[in-house]
Every structure is written in structure tokens, then in C-alpha cells.
Amino acid sequence: MIGVGLDAGLSFVCAAAASGGNALANVMQRKASLEQPPEQSFGLKLMVDLVQRPTWLLGFGGMVASFLLQAVALGLGQLSAVEPIITLEVPLTLLVASRVFNVAVGRMEWAGIWTMTVGMIVLVAVLDPHPGNESDVSQPIYALAGGGTVAFVLLLVLAAQRGGRLWRTACLGAAAGASFGLTATLTKEAVSRLDTHGVVGMLATWQTYGAAGVGVAGVVIMQWALHSGPLLAAQPGFTLLDPLVSTLWGVLVYHEAVRVGLWLLPELLAAATIAGGVFLLANSPLLSALAEDTLTPAPSSAAVPN
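These numbers were taken from a predicted model, which means no experiment stands behind them. (Residues numbered from 1 in each chain as written. Predicted model: local features only at pLDDT ≥ 70, side-chain atom pairs only at ≥ 80, totals over all residues. Heavy atoms only, no water.)

Re the overall build of the protein chain
- What the protein chain contains, in helices and strands, is 12 helices and zero strands.
- In sequence order, the protein chain lays out its α and β elements as α-α-α-α-α-α-α-α-α-α-α-α.
- Counted over contacts in the protein chain with a minimum sequence separation of 6, partners at least 24 positions apart contribute 85%.
- Looking at the protein chain as shown, the accessible area adds up to about 13700 Å², and 72% of this sits on carbon and sulfur atoms. (Helix = DSSP H or I, 4+ residues; strand = E, 2+ residues; numbered from the N terminus. Contact = heavy atoms within 4.5 Å. Areas by Shrake-Rupley, 256 points an atom, 1.4 Å probe, with all protein chains shown as cover.)

Have a look at this one:
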């Protein structure tokens, strides 16, 4: 985009690469989950079995790479600009899945991919976010916003205990997405402390440990969601709640400046376009195929041996 500075441009590139890491994690960890007996319940034994599988470890590596790239992106840019770009993990998940599983990308998928991509570009452009001050937030505000976010995650987890398989998976996916949004928010503050006070300053702030703790909880909830049901049910929550939670934090808590007034209309339309693209892709035959236990890896280097 015209007028984008070097730091902002690099943050966009790192955020896009981070979404690629998330896509790799989504597909490989879902594949590893499909390799487990369907009657096996989620728990410590399942997690121990998963961490011994190369497929799951490759997905975990993608998640770690994504976290590091996202931290760099947040250090260079704003939450309300970086996090919408993370939504690109959905179309990238489709492209990775098409290589790992022998399923072609059809017209519906390409329509969803372009819908999401255009919506994301328009949203970031019309928001035009400017830096806030994440290091100047009072502890009571942190307690109120953080407590509200954690309560929202717990409410989604409790809601997942009722209803059918798809409802349970959708609620857990939303809980994981909200957890990752809070992780990104706390990471933003930790990276800011690293920039201004060095490693000692970063290690001395509670947000660093909060980000680690919430991030681990998000990973566990994500595994729970992937084991509970199809990726198509979990993916909207993974994708939409992450940028929603982190953008709300960026604007309401960190006071990042975004366009308001008449700009709210194109912003809402762009956000609705992204959401429409997510739900279009979530119902695609390719993501639906990821729910089946009869899928066969494609005979290519993209497939990971068991």
C-alpha cells in the first residue's frame, strides 16, 4: 500500500508468514488427531501420544514459528493491523490441506480465498491504525479487561460441555481463538518492554508470563477442539475470535488510533466480508474432508510419514 513505512511493511510480511505457520499447525495437528483412535477421550494420555508423532511435531513447529513471527510483527506494527492479517491462515490452511490430502481446491475455495484476502486488505487500509501506548495501562484496567477476556474463554469452555459434536467443537474453537487473541495482546506489551528495557525488562513484566500461560492454555484448548470434531467447525472460532479480541484490546485498552465516524461503515463491511469468506471456506468440501478418518496423504513431499 502507498505510504506504508518500512516497519509497517515488515510487520505485514511477518504477520502473513505467521498465518502460514498457523495453517501448517492446523492441518498437521488435525492429521495427527485423526490418527488417534476415535474412541480415545481427550486427556493427558492423548497429549503424550500426540507429542511422539512426527506429524504433530511438524504442526507444533509451525505454531512456534508462527508465534515468533507474530511477536516480531507486533513489535513493528499495531495489534489492529497485524491481527486481521492472521485471518489469512484459513485460505492458507486450504492450500496446505490440498497438498497433504489428495483433495483439489475448487471454485468455492478460490472464491472464499479471494473474498477473505480482499476484505483483509480493505480492513487494514480503512482502519489505518496508529500507535497507542501499551506500556501506560493501569493495573485495574488490565485486571478488568483481562478478567473479562478470561471469563469469556471459560464461558465458552463451559458452553462446550452441552450440545452436540459440532456445537462443542465450535465453542472450543472460539475459546482457543479468544485465548490466542489475549496471548497476542500480552505479547505486544512484552515485546514493547523488550524494545525499551531489554531482556531484563521483558523478564520483569508479568505480561511475559501471562502470555506464556494463556498461550499454553490456548494450545491445549485447540487440541481439545481438534480432537472433538471437524476442523470446519473449529476454524471460524480459531480465525475470527483471535483478531476480534486483540483488536478490541488494541483500541480500547492500548488506545491505538483508528479511523472512526463515517469510516465505521467500510470497516464493518470489510470485517463482514472477512467473516463471510471464513464461513464460506469453513463449509468447503476440502475442509470437510479433514473431518474424515479415511483420508490418504497425497504421494508427495508435502505428506508427512507416520
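Here's the deal with the environment of Asn22
- Turning to its location among the elements, Asn22 is positioned in helix 1 (residues 6–34).
- With a relative accessible area of 16%, Asn22 lands in the buried category.
- Asn22 sits 42 residues away from Val64 along the chain, and the two C-alpha atoms are 8.9 Å apart.
- Look past the residues within four positions of Asn22 in its chain and what remains in contact with it is Gly62, Ser66, Ile86 and Glu89. (Buried < 20%, exposed > 50% of the residue type's maximum accessible area, 1.4 Å probe, protein only.)

Points about the pattern of salt bridges
- Enumeration over the complete set of coordinates arrives at two salt bridges.
- A salt bridge links Glu189 to Arg193, with the shortest nitrogen-to-oxygen separation between them at 2.9 Å. Here the residue Glu189 and the residue Arg193 both occupy positions in helix 8 (residues 165–204), the gap between them amounting to four residues, near one helical turn. (Salt bridge = Lys/Arg side-chain N within 4 Å of Asp/Glu carboxyl O.)

Focus: the nonpolar core
- In this structure, Ile221, Met222, Phe238, Trp249, Tyr254 and Ile274 are the most contacted members of the largest nonpolar core, which totals 57 residues.
- Ranked by residue count, the leading element in this core is helix 8, at 10 residues.
- The contact partners of Trp249, leaving out residues within four places of it in the chain, are Tyr142, Ala145, Gly146, Thr149, Leu182, Thr185 and Tyr254. (Core = buried A, V, L, I, M, F, W, Y, C linked by side-chain atoms within 4.5 Å.)

Description of the confidence of the model for the protein chain
- Here the protein chain shows a mean pLDDT of 81. Residues at 70 or above account for 87%.
- The secondary-structure element of the protein chain with the lowest mean pLDDT is helix 12 (residues 285–289), recorded at 63, while helix 7 (residues 139–159) shows the highest, at 93.
- Counting interchain partners and residues more than four positions distant, the pLDDT-below-50 stretch residues 297–306 has 22 contacts. (pLDDT = per-residue confidence, 0-100.)

Side note on helix 5 (residues 89–100)
- Over its 12 residues, helix 5 runs 16 Å from end to end, which matches the ideal 16 Å to within 8%, given 1.5 Å per residue.
- For helix 5, the set of buried residues is Glu89, Val90, Pro91, Thr93, Leu94, Ala97, Ser98 and Val100. (Expected span 1.5 Å × (residues − 1).)

Things to note about the environment of Gly215
- Structurally, Gly215 is set in helix 9 (residues 206–228).
- Between the alpha carbons of Gly215 and Thr187 there is a distance of 9.7 Å; along the sequence they are 28 residues apart.
- With residues near it in sequence (within four places) discarded, Gly215 still touches Phe180 and Thr183.

Re the side chain of Thr87
- Within the secondary structure layout, Thr87 lies in the loop between helix 4 (79–86) and helix 5.
- Thr87 gets classed as buried once you look at its relative accessible area, which sits at 2%.
- Within the structure, Thr87 has its side chain in polar contact with the backbone oxygen of Pro84 (distance 2.5 Å).
- Discounting chain neighbours no more than four positions away, the residues touching Thr87 are Met116, Met120, Thr239, Pro243 and Ile274. (Polar contact = N/O pair within 3.5 Å; in protein donor to acceptor, adjacent residues only side chain to side chain.)

Digging into the packing of helix 3 (residues 54–76) against helix 4
- Packing of helix 3 against helix 4 brings their axes to within 8 Å, and their N-to-C directions diverge by 150°. Between helix 3 and helix 4, the interaxial angle falls into the category roughly antiparallel. Handedness of the crossing formed by helix 3 with helix 4: right-handed. Taking contact as the criterion, the partners of Gln70, Ala73 and Leu74 in helix 3 are, on helix 4, Leu79, Val82, Glu83 and Ile86.
- By residue class, the composition of the contact of helix 3 with helix 4 is five nonpolar, one polar and one charged. (Axes fitted to C-alpha atoms, helices over the stretch in contact; angles between N-to-C directions. Parallel < 35°, antiparallel > 145°, perpendicular 65-115°, else oblique. Left-handed = near helix turned anticlockwise from the far one by under 90°. Nonpolar A, V, L, I, M, F, W, Y, C, P; charged D, E, K, R; others polar.)

Regarding the packing of aromatic side chains
- Under the criterion given, the structure shown has five aromatic pairs.
- Their ring planes at 80° and their centres at 5.1 Å tell us that Tyr142 and Trp206 sit as a pair that is edge-to-face. With Tyr142 in helix 7 and Trp206 in helix 9, the pair connects residues that are 64 residues apart, well separated along the chain.
- A residue is classified by how much of its surface remains accessible, and Trp206, at 40% relative accessible area, is partly exposed.
- Considering the side-chain rings of Trp249 and Tyr254, the 6.2 Å spacing of their centres and the 70° angle between planes classify their relative orientation as edge-to-face.
- One aromatic cluster in this structure is built from Tyr142, Trp206, Trp249 and Tyr254. (Phe/Tyr/Trp six-rings, centres within 6.5 Å; stacked < 30°, edge-to-face > 60°.)

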